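Inside the fold
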Amino acid sequence: MESLGVIMLTNSSDEKDRFITIRSLLTLKDSTIGRMNVALVESGNDYKNFYSDLVNHYIAPNEKFNYNKFLNLGFNLVNQEDWLLITNDDVSYHKNWFQEIMSIYCERPDITSFSPSDPLFQMKFYPRLFVGTKDSYLESYKVSESVCGWSILVKMESAKIVFPLDEQFDMYYQDNDYAEVLKINNIRHALSRHSIASHLNTFDVLKTSENKITKMKEDENKFRNKWKIYT
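This text gives an overview of the structure that appears in the document.

Conventions and cut-offs
- Residues numbered from 1 in each chain as written.
- Predicted model: local features only at pLDDT ≥ 70, side-chain atom pairs only at ≥ 80, totals over all residues.
- Heavy atoms only, no water.
- Helix = DSSP H or I, 4+ residues; strand = E, 2+ residues; numbered from the N terminus.
- Contact = heavy atoms within 4.5 Å.
- Core = buried A, V, L, I, M, F, W, Y, C linked by side-chain atoms within 4.5 Å.
- Buried < 20%, exposed > 50% of the residue type's maximum accessible area, 1.4 Å probe, protein only.
- Pairing = 2+ DSSP bridges.
- Right-handed = clockwise from strand over helix to strand, strands pointing away.
- Expected span 1.5 Å × (residues − 1).
- Arc of directions from axis to C-beta.
- Axes fitted to C-alpha atoms, helices over the stretch in contact; angles between N-to-C directions.
- Parallel < 35°, antiparallel > 145°, perpendicular 65-115°, else oblique.
- Left-handed = near helix turned anticlockwise from the far one by under 90°.
- Nonpolar A, V, L, I, M, F, W, Y, C, P; charged D, E, K, R; others polar.
- Phe/Tyr/Trp six-rings, centres within 6.5 Å; stacked < 30°, edge-to-face > 60°.
- Polar contact = N/O pair within 3.5 Å; in protein donor to acceptor, adjacent residues only side chain to side chain.

We now examine the environment of I33. Within the secondary structure layout, I33 lies in the loop between helix 1 (15-31) and strand 2 (36-42). For the pair I33 and L4, spaced 29 residues apart in the sequence, the C-alpha separation amounts to 9.3 Å. With near-sequence residues (within four places) excluded, I33 lies in contact with M1, E2 and Q99.

L4, V55, W83, L85, W97, F114 and L153 are the most contacted members of the largest nonpolar core, which has 35 residues in total. For this core, the element with the highest residue contribution is helix 4 (residues 97-107), accounting for six residues. Setting aside anything within four residues of it in sequence, one finds V55 in contact with L25, V38 and L40. Within the second largest apolar cluster, 29 residues are counted, among which are I7, Y178, A179 and W227.

Next up on the list: the pairing of strand 2. By the criterion of burial, strand 2 is predominantly enclosed, with seven of the seven residues buried. By the alternation rule, side chains of strand 2 split into M36, V38, L40 and E42 and N37, A39 and V41, which are all buried. In the sheet, strand 1 (residues 4-10) pairs with strand 2 via seven bridges, with the strands oriented parallel. What sits directly across from L9, in strand 2, is V41. Following the chain from strand 1 across helix 1 to the adjacent parallel strand 2, one finds a crossover that is right-handed. Bridge analysis of strand 2 against strand 3 (residues 57-59) gives three bridges, and the strand direction is parallel. Within strand 3, the residue paired with V41 across the bridge is I59.

Let's shift gears to helix 8 (residues 210-227). Along an α-helix, residues three or four positions apart point the same way, because every turn accommodates 3.6 residues. Between its terminal C-alpha atoms helix 8 stretches 26 Å, which fits the 26 Å expected from 18 residues at 1.5 Å a residue. Considered for burial, the residues of helix 8 that qualify are K212, K215, D219, E220, K222, F223 and W227. Across the axial projection of helix 8, the buried residues extend over an arc of 160°, all falling on one side. Buried residues along helix 8 sit against helix 7 (174-184). At the C-terminal side of helix 8, K228 shows a positive phi close to 55°.

With that settled, the discussion passes to the packing of helix 7 against helix 8. Orientation of helix 7 relative to helix 8, taken along the N-to-C sense of each, is 15°, at an axis distance of 10 Å. Considering the angle they form, helix 7 stands roughly parallel to helix 8. The hand of the helix 7/helix 8 crossing is right-handed. Note on element contacts: helix 8 touches helix 7 through F223, K226 and W227, opposite N176, D177, E180, V181 and I184. Considered class by class, the residues forming the contact of helix 7 with helix 8 number four nonpolar, one polar and three charged.

A separate point is the packing of aromatic side chains. Summed over the entire model, instances satisfying the criterion amount to 14 aromatic pairs. Where F75 meets F163, the ring centres are 4.1 Å apart and the plane angle is 10°; that geometry is what we call stacked. Of the two residues, F75 sits in helix 3 (residues 67-78) while F163 sits in the loop between helix 6 (156-162) and helix 7, which places them 88 residues apart along the sequence. A centroid spacing of 5.1 Å and a plane angle of 80° characterise the contact between F121 and W150, whose relative ring orientation is edge-to-face. Pair noted here: F121 is in helix 5 (residues 119-125) and W150 is in the loop between strand 7 (137-139) and strand 8 (151-155), with a separation of 29 residues, a long-range link. The two residues F121 and W150 agree in class, both being buried.

With that settled, the discussion passes to the side chain of S113. Mapped onto the elements, S113 comes out in strand 6 (residues 111-117). Engagement of the side chain of S113 in a polar contact is seen with the side chain of Y178, the distance being 2.7 Å. At 2.8 Å, the side chain of S113 and the side chain of H189 are in polar contact. The residues contacting S113, other than those within four sequence positions of it, are I152, L153, V154, Y178, L182, I187, R188, H189 and A190.

Next comes the structure, spelled out in structure tokens:
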């Protein structure tokens, strides 16, 4: 039975946030067969005892939030497992999500990075993915369409090539950077159509503010300069 290392970033700023995180951890525990080694990296208030029964490692860095840096901290605690799951704290994992991806991997062991589907998101923005095909997966490096930053499952051998993640991507474009790192290392990625993980804030991509737009533009410039992508 394959073991799973999990890195989940959370922000326990109030009771609602804690409830969402607990729900995500419970759905993950209930839907995954095999050993899990969970690292929860906290960017809000310290609630170590609140999560103690559901996580193996609780990290509360006393520093400004940095998405990739916090993932790197978690990775050092779970990198001895067979697979790595990078997940947001607002994702509900459906029954057999892991087994569905394992069935693809058994058929295509050359694919070692995956994202489960969020039907509400993908059917709204990429409806063609679910029409006119019986394929159980879509091999692609396209961000959001296939590389879904809120939930990425990667074989640990491949994860050790990808990590450590580039810490200049502290908020946005970390999934774009991940996709480019996969490409240059010839690590194949696929979206699994029948592995379901519902992202609670799946439509937050539509919510904007002046600060968010400024930060996204800043991180986009970092990404384009790093990879020399200017079109």
